Amino acid sequence: MTKVEDAVVAPAPADRKTSPGAGARVDGGTSRPGRRRGLTGRLNAAVAATPVVFTDAAVVGFAIWTLLYHLNLGLNLRPSVVFLAWVVLLPVAAYVAWRFRRRDAVVPRADDEAVAAPAEVVTAVDRASLLRRYSLPVGTAVAAALFAAVGTGTLSWWLAAVLGLVSVVSAWLALSGRGGPAATGAAPVVRETTTTPVQAYVVLAVALAAAYFATLIGRVSLDDVFYVGKSVWVAERDQIPFRDFLFTEGVLPGGSANPPLPSFEVFIGALARALHVHAASATWYLLLPVLAVFAILALWRLVQRWAPRRPLVVFGVAVAYILLVAYYADALNTYHLPRLTQGKSVFVHALIPLAWVYLTDYLEHRSRRALVLLALLSVASVGYTTTAVILLPLLAAAAGVVLLATRRVRDAVLCFAAASLYPLLSGVLVQVLRGGVEEAAATYSPLLPLRTIYELTLWLGVLGVIGGLAVWWSPLLLRRGAPQQLAAGAALAVTALMVPGLLKFGGDLSGLTAVLWRVPWILPVPALVGVLAVIRLPGLARVNRVLAVALPVVLIVAFYTQGKPMWAGDLVQSKPTWRMPETRKDVSFWIKNLDRPEGLVLAPSTIMRALPQVTTEVRVVLPRDLYLTDYGPETEFSQDRLLLARFADGQPVSIYEVDGAMRRVGVSVVCVWKTNTTVADAARYLGLERFASRKSPGGMYCYRTTAGATPTTGG
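Residues numbered from 1 in each chain as written. Predicted model: local features only at pLDDT ≥ 70, side-chain atom pairs only at ≥ 80, totals over all residues. Heavy atoms only, no water.

Some points on the layout of surface pockets
Formally: A 1.4 Å probe that fits but cannot get out identifies a cavity on a 1 Å grid over protein atoms alone, an open set with protein on both sides within 12 Å along at least five of seven lines counts as a pocket, and a residue lines either if it has an atom within 4 Å of a point. Grid points are joined across faces, edges and corners, and a volume is the space filled by probe spheres set on the points. The helix and strand labels rest on DSSP assignments: H or I over at least four residues marks a helix, E over at least two residues marks a strand, and numbering proceeds from the N terminus. Charged means Asp, Glu, Lys or Arg here, nonpolar means Ala, Val, Leu, Ile, Met, Phe, Trp, Tyr, Cys or Pro, and polar covers whatever is left, Gly included.
In this structure, the second largest pocket encloses a volume near 910 Å³. D223, Y227, K344, R518 and L626 are the residues nearest the centre of the second largest pocket, which is lined by 40 residues in total. Those elements giving two or more residues to the lining of the second largest pocket turn out to be α10 (224-237), α14 (343-365) and α18 (439-444). Ranked by residues supplied to the lining of the second largest pocket, first place goes to α10 with three residues. Here the lining of the second largest pocket is built from residues that sort into 19 nonpolar, ten polar and eleven charged.

What about the environment of S256?
Using the following cut-off: Exposure is judged per residue with a 1.4 Å probe applied to protein chains only, and the accessible area is read against the type maximum: over 50% gives exposed, under 20% gives buried, and values in between give partly exposed.
Residue position: S256 is located in the loop between α10 and α11 (264-275). Residue classification places S256 among the buried positions, given a relative accessible area of 11%.

Considering the side chain of T283
Rules: We call two residues in contact when some of their heavy atoms are within 4.5 Å.
Looking at where T283 falls in the secondary structure, it is placed in helix α12 (residues 279-306). When sequence neighbours within four positions are dropped, the list of residues in contact with T283 reads I268, L288 and T341.

Looking at unusual backbone geometry
Put simply, S696 and P697 share a cis peptide bond, and its omega is 0 degrees. Despite not being glycine, W459 shows a phi value in the positive range, around 70 degrees. With respect to the helices, strands and loops of the structure, W459 is situated in the loop between α19 (450-458) and α20 (461-472). Here W459 falls in the buried class, since its relative accessible area comes to 8%.

Side note on helix α9 (residues 197-216)
The criterion, for reference: Here a helix's expected span is defined as the number of its residues, less one, multiplied by 1.5 Å.
Between its terminal C-alpha atoms α9 stretches 29 Å, which fits the 28 Å expected from 20 residues at 1.5 Å a residue. Listed as buried for α9 are Q199, A200, V203, L204, A207, A210, A211, A214, T215 and L216. Among the structural elements, α3 (39-75), α12 and α13 (311-324) are those in contact with the buried residues of α9.

Focus: the pairing of strand β2 (residues 667-673)
Basically, it comes down to this: By definition, two strands form a pair when at least two bridges between them are found by DSSP.
β2 sits mainly inside the fold: six of its seven residues count as buried. Summarising the sheet, strand β1 (residues 600-602) and β2 pair through three bridges and their orientation is parallel. Residue pairing for β2: L602 is matched across the bridge by V670. The pairing of β2 with strand β4 (residues 700-705) spans five bridges and is antiparallel. Bridge pairing links V672 to Y701 in β4.

Some words on the sheet that holds β1
Adjacent strands of a sheet form backbone hydrogen bonds with each other and so pair up, either parallel or antiparallel. The following threshold applies: Only the stretch in contact is used when a helix axis is fitted, and all axes are lines through C-alpha atoms; the angle between N-to-C directions ranges over 0 to 180 degrees.
In spatial order, the strands read β1-β2-β4-β3; together these four strands make up an open sheet with mixed pairing. Looking at which strands have only one partner, the edges of the open sheet turn out to be β1 and β3 (688-694). Taken over all neighbouring pairs, the strand axes of this sheet differ in orientation by 25 degrees on average, direction set aside.

Let's talk about the packing of helix α6 (residues 127-149) against helix α7 (residues 153-175)
Our working rule: Relative orientations are named as follows: roughly parallel for angles under 35 degrees, roughly antiparallel for angles over 145 degrees, roughly perpendicular for angles from 65 to 115 degrees, and oblique for any other angle. Note: crossing handedness is left-handed where the near helix turns anticlockwise from the far helix by less than a right angle, and right-handed where it turns clockwise.
Close contact between α6 and α7 brings their axes to 8 Å; oriented N to C, the two are set at 155 degrees. The pairing of α6 with α7 is recorded here as roughly antiparallel in orientation. With respect to the hand of their crossing, α6 and α7 are arranged in left-handed fashion. The segment α6 lies against α7, with R133, Y134, L136, P137, T140, A141, A143, A144, F147 and A148 engaging S156, W157, L159, A160, L163, G164, V166, S167, S170, A171, A174 and L175. Per-class residue counts for the contact of α6 with α7 are 16 nonpolar, five polar and one charged.

Here we look at the pairing of β3
Strand direction decides the pairing type here: β3 and β4, joined by six bridges, are antiparallel. When the sheet's bridge partners are listed, S693 is paired in β4 with Y701. Hairpin connection of β3 to β4: five residues between the antiparallel strands, including G698 at a positive phi of 80 degrees.

Side note on the pattern of salt bridges
A side chain of one charge can pair with a side chain of the opposite charge if their charged atoms are brought near each other. Put simply, the rule is: Here a salt bridge means any side-chain nitrogen of Lys or Arg lying within 4 Å of a carboxyl oxygen belonging to Asp or Glu.
Scanning all chains against the criterion turns up 17 salt bridges. For R305, the salt bridge identified is with D361, shortest N-O distance 2.7 Å. Taken as a pair, R305 in helix α12 and D361 in helix α14 lie far apart in primary sequence, 56 residues in all. Note on accessibility: R305 and D361 belong to one class, buried. Of the charged contacts in the structure, one is a salt bridge between D411 and R408, with a shortest N-O distance of 3.0 Å. Given the relative accessible area of 3%, D411 is considered buried.

This is the structure we're talking about:
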């Protein structure tokens, strides 16, 4: 009888011509006799190796920087000194990596010789057996996706979570029903998938296009005042701001947005200082394109390792999903090109896919190199975001569960340790030193509703159904062996945590309620959605030929009609730009260059958010109101700043209260738009004297206080 597993996953004749044969090597080379060694051949080989070399080098390089940065937490050297040490160590690391790569031969599994050959072409299918084996996981996944994406009310969510669990567990049982890989841990078909030159040229073209397009997106993120502002501080002062640098100059303790672990913003500041460029320019013009290429190549590597067939099609649909299903704040794909300069965005769109790649390589090939890279990725992840302290151990636990289920205890321990040891130790260190990671944020940000958590990662409606199917069908659709096992573990972990009450319990236990909505980030959703484009039904050759064309088209049309692209709202500029309107940037530099008295500057809220991204020489009253939460929203410190911001924005306020707040905060300069008559009318009473005027666009008057004002609240 024809094996059901072979019918589902056997490579089609069209796929086999792209599958390396017995002469393929893991490192991307070939052993074909008579291979041309000319310039063209060398160029093609170099291009084909670029995705692996670039992404691995990025992981290793930033891991070394993060290790140096964390070591410096005790030494307290200047960032420029740490940066110099990093530059010196890079060639050493490159040499060690080269030597390690040469010695890291693939250790074949004991059962590889018996199962490494591709399965025979299937000519007959036992449809009754297929229905018995796969109807439950397929059907429950459809129902779960519908309840999660379309349903309303608590009952529909309970049904979605329970049916999702049934789908994953039944898929696992179906795959292991006859001693298959899910049961034994074997890898029945280990295809040595390597990037061909043609694929590499296409992927690199997409990556470079994404890099340029990223610099044209003019989307403003309110968090940039912190991220870019911190880099500006490092670049201008050559100091790491461990305490508050937005409201005061280190007088207040650092807020929840400024834990000591992330090293990313300090790296940008140190790089800008070394290159003698503005930190914002280094962020938007230099780092952003590099990070865009990094994220696109990381996506390709995961697609190439997990896709059962036609990886370029899967990759293209995944990229379309990222571009067309974005825009809304905190949606998964909005953390791609529009926000890649924030460490958490690099983590979710580059390091999460690479973590799955390294796990796959280790489990399938016993690659010591992959295990070392996984450990270094865990270090780099902590350097990008404290979210890694939570999500990487969860990702590793998800992989460990399936390894334990297949009685691979040693692999489970090694993989979990490599991916989790550094993040967990870092989290414990912060817990001891600061009383918890993002503890203050957790006290004022409640856990989001489960349907909202689902929406932020997988969306709702038609797109939510597609996202749900991509997750719950993934154990059935991906390439056999490690990809199926890892996808099953990830889907099982996320679905289990979405059972009502479990995330809340975890938040209450850990004090990390504010960030637990990011738990679904361990799923490489764009890649999983892309795999839906290459679904093939066993035994239906004519139908499959139609599906090969129809599925990618239908998916992209759904993305275009149901989603909202990341450039919606006329956000694309004609040339590369900082992520702020040009007028706002010009006004900020104009205020910086004024001959100002010492003290804080009060300006419209948009300008006060922009000024910390321009310079640390100008201290503003209210960089962003959200960050006041760390210092007590109802305190006089916070209320004074909120009142003054409303005054500068032209809102009706009590002039008597403004007078007292200005004295307590220590305002020395007030700059407002020329259309703001409220300030002009109150100028005489407040003792304001106009000393500067700016023409339109960005027409503005600036006043200085004539009476001495001394802050009494640490401002």
